[in-house]
Amino acid sequence: MESSEKLRIILKSALDKKAEEPVVLDLKGLTSLADYFVILTATSETHARTVTDEIRKKLKEKGVVPVSTEGYDTANWILLDYGDVIVHIFKPEVRELYNLESLWMDAPRLNVEEIINEPVQ
């Protein structure tokens, strides 16, 4: 599956479950770690797990499973690694503490609405 389709499914799934403050960082050309980071905020541990479960469910329906999942048990910071797309789901205070957006300040931010509304190819 193309990265753009993964991004669309991830964002729609997360926003359907009321994830907050979505940010997509374009890491292409900056690191070989991944092409994109998706950063989301969840209001509680339960909310973080709900968002995670929805993302995994929707991508699994398309035959895509994460390479790894970290932090699900504590749910302060859940990381879903889909190879070219890495999803970070934070509780607000943990997101503020780690501030990935400033760590990757050279990475362009993509428009979430454009990604969600992009026609499926």
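What counts as what
Residues numbered from 1 in each chain as written. Predicted model: local features only at pLDDT ≥ 70, side-chain atom pairs only at ≥ 80, totals over all residues. Heavy atoms only, no water. Helix = DSSP H or I, 4+ residues; strand = E, 2+ residues; numbered from the N terminus. Buried < 20%, exposed > 50% of the residue type's maximum accessible area, 1.4 Å probe, protein only. Contact = heavy atoms within 4.5 Å. Core = buried A, V, L, I, M, F, W, Y, C linked by side-chain atoms within 4.5 Å. Salt bridge = Lys/Arg side-chain N within 4 Å of Asp/Glu carboxyl O.

A. Structural context of the side chain of E101. With respect to the helices, strands and loops of the structure, E101 is situated in helix α4 (residues 100–103). Owing to a relative accessible area of 13%, E101 belongs among the buried residues under this scheme. Setting aside residues no more than four positions away along its own chain, E101 makes contact with V23, L25, I39, R95 and R109.

B. Spatial organisation of the nonpolar core. By size, the foremost hydrophobic cluster in this structure holds 26 residues, and its most contacted members are I10, V24, V38, L40, I55, V87 and I89. Those elements giving two or more residues to this core turn out to be α1 (3–16), β2 (36–41), α2 (45–60), β4 (77–81), β5 (85–90) and α5 (112–117). When residues in this core are grouped by element, the largest group, 5 residues, is from α1. Apart from residues no more than four positions distant in its own chain, V87 is found in contact with I10, V38, L40, I55, I78, L79 and L80.

C. Spatial organisation of the pattern of salt bridges. Tallied over the full model, the rule gives 8 salt bridges. Of the charged contacts in the structure, one is a salt bridge between E93 and K91, with a shortest N-O distance of 3.4 Å. Owing to a relative accessible area of 47%, E93 belongs among the partly exposed residues under this scheme. Here R95 makes a salt bridge to E101, at a shortest N to O gap of 2.4 Å. Judged by relative accessible area, which is 7%, R95 ranks as buried. Several salt bridges share partner residues, and in doing so they unite E45, K91 and E93 into one network.

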